[in-house]
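This is what each chain is made of:
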Amino acid sequence: MMWVFIFFFGLAVGSFLNVCIYRIPRADVSIHSPRRSFCPECSNPINVYDNIPVLSYLLLRGKCRQCRARISVLYPLVELATAGLFLGMYYHFGLTLEFLLALAFISLLLPIAVIDAQHYIIPNVIIVTGLVLGLVIVCGIAYQRSEVWYLLTRIIGAVAGGATLWLVAVIGSAILRKKAMGGGDIKLMALIGFFLGAWPELAMVIGFSALSGAVVGTVLIVSGVKSRQSPIPYGPFLAGAAVLVLLWGDRLWRAYLQFVGWN
Ligand SMILES: [Zn+2]
C-alpha cells in the first residue's frame, strides 16, 4: 500500500517539477501565476481532467486537446522518473528522515538537470530553496541522532564541493583557454556536497560525472549532434552522478577499495 501511495505521490511531485522546469527559466511566467497550467502553443488553460500525470498524456496521445500541438514526451518522462526515483529511495531508506532528505534532493536535481540541458543555466532560486530545505531536514536528522557532527559534515561538504569545482573551473579555464565551467555548476556542487557529505561522496560524484560527461560529449561530437565548440551542460552529469552516489555510494566505494587492494 505504501508503495502505491509513494508512486502516486511521486507522479504528483513530478507534475509540479514540470511546472518549475517550464516556468523558472522564463521571465514572463512565475510558479504562482498564471494559476492554471496552459498549453505553451495556444495558451489555452488545460482542463483539470487533461492534467493528470502520465495518464492524460497517453489519453490525449501526446497532443493538446484544443490546438493539437505536440506535447513534449519530457512531461510524462519527468513524472515517471520522479515516481521511480521516489520508490527507489523508499526501498533504500524506508520511512526515515533520510528518506525525506533524499526526496528533497531528487526534487531539486531533476529540474536542475532538465533546465541546464535546455537553457544552459542552473537557477539560483533552486539552489537557495534546496539549501534552506536541506538545512531544515539535516537539522532534524542531527537532532534525532543527537549528533551535531552530522550537521557539520554537511556544511563541510557544501564548502568542499563549491571550492573543489571552483578550483576545477579555474584550472580548466587556464588549460583550455576558455570558460570550462559555469558558476551554476559550482553552486550545484555545493548543494550536492551539502546533501551527500564531503568524503568520499564528492570524489565519487566528480569521478562519475567527469567520466559520463566525457563519454556522452564524445558521442555527441562524433555523431555530429554537437560541434566541438558548442557548450555541453555539465549539470545533468553532476545530478546523475549524485543520484548514483546517493543510492549506491557506500557499496561502490567499498568495491573500489577492494579493487585497489586497501581492504
Ligand atoms: Zn494548445
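Residues numbered from 1 in each chain as written. Predicted model: local features only at pLDDT ≥ 70, side-chain atom pairs only at ≥ 80, totals over all residues. Heavy atoms only, no water.

(A) Geometry of the nonpolar core. Ranked by size, the top nonpolar core spans 57 residues in total, and within it M89, L188 and I192 carry the most contacts. When residues in this core are grouped by element, the largest group, 14 residues, is from helix α4 (residues 97–119). Residues from two domains meet in this core; each of domain 1 (1–95) and domain 2 (96–263) gives at least three. When near neighbours in sequence (up to four residues on either side) are disregarded, L188 contacts L109, I112, I122, I127, G235 and L238. (Core = buried A, V, L, I, M, F, W, Y, C linked by side-chain atoms within 4.5 Å. Buried < 20%, exposed > 50% of the residue type's maximum accessible area, 1.4 Å probe, protein only. Helix = DSSP H or I, 4+ residues; strand = E, 2+ residues; numbered from the N terminus. Domains from an automatic or database assignment. Contact = heavy atoms within 4.5 Å.)

(B) Examining the pattern of salt bridges more closely. This model, assessed by the stated rule, comprises two salt bridges. Linking E98 and R145 is a salt bridge whose minimum nitrogen-to-oxygen distance equals 2.6 Å. In this pair, E98 sits in helix α4 while R145 sits in helix α5 (residues 124–145), placing the two residues 47 residues apart along the sequence. The class for E98 is buried, based on a relative accessible area of 18%. (Salt bridge = Lys/Arg side-chain N within 4 Å of Asp/Glu carboxyl O.)

(C) Region of the structure containing the coordination of the zinc ion. All of the protein donors around the zinc ion are C39 (SG), C42 (SG), C64 (SG) and C67 (SG); their distances to the metal are 2.3 Å. Around the zinc ion sit four donor atoms; with metal-centred angles ranging over 106 to 115°, the donor geometry is tetrahedral. All donor residues of the zinc ion come from one chain, and their arrangement in sequence is C-x2-C-x21-C-x2-C. In this pair, C42 sits in the loop between α1 (2–23) and α2 (55–59) while C67 sits in the loop between α2 and α3 (74–93), placing the two residues 25 residues apart along the sequence. (Donors = N, O, S within 2.8 Å, 3.2 Å for Na, K, Ca; no water. Tetrahedral: all angles 85-135°; square planar, octahedral: opposite > 155°, others 65-115°.)

(D) Broad picture of the packing of α4 against helix α9 (residues 235–260). Where α4 contacts α9, the two axes come as close as 8 Å, and the packing angle between them is 160°. The angle between α4 and α9 places the two elements in the roughly antiparallel class. For the pair α4 and α9, the crossing hand works out as left-handed. Taking contact as the criterion, the partners of A102, F105, I106, L109, A113, D116 and A117 in α4 are, on α9, G235, P236, A239, A242, V243 and L246. Tallied by class, residues from the contact of α4 with α9 come to eleven nonpolar, one polar and one charged. (Axes fitted to C-alpha atoms, helices over the stretch in contact; angles between N-to-C directions. Parallel < 35°, antiparallel > 145°, perpendicular 65-115°, else oblique. Left-handed = near helix turned anticlockwise from the far one by under 90°. Nonpolar A, V, L, I, M, F, W, Y, C, P; charged D, E, K, R; others polar.)

(E) Spotlight on the packing of α3 against α9. Packing of α3 against α9 brings their axes to within 10 Å, and their N-to-C directions diverge by 25°. Considering their axes alone, α3 and α9 lie roughly parallel with respect to each other. Taken together, the residues of α9 that come into contact with α3 (itself represented by L85, G88, M89, H92 and F93) are V243, L246 and L247. A class-by-class count of the residues in the contact of α3 with α9 yields six nonpolar, two polar and no charged.

(F) Summary view of α5. Helix length check: α5, at 22 residues, gives a terminal C-alpha distance of 31 Å against a target of 32 Å (1.5 Å per residue), a fit within 8%. I126, I127, G130, G134, I137, V138, I141 and A142 are the residues of α5 that are buried. The arc that holds the buried residues of α5, viewed along the axis, is 145°, so those residues lie on one side. Looking at α5, the residues exposed on the side facing more than 90 degrees away from the buried face are V132, V136 and Y143. (Expected span 1.5 Å × (residues − 1). Arc of directions from axis to C-beta.)

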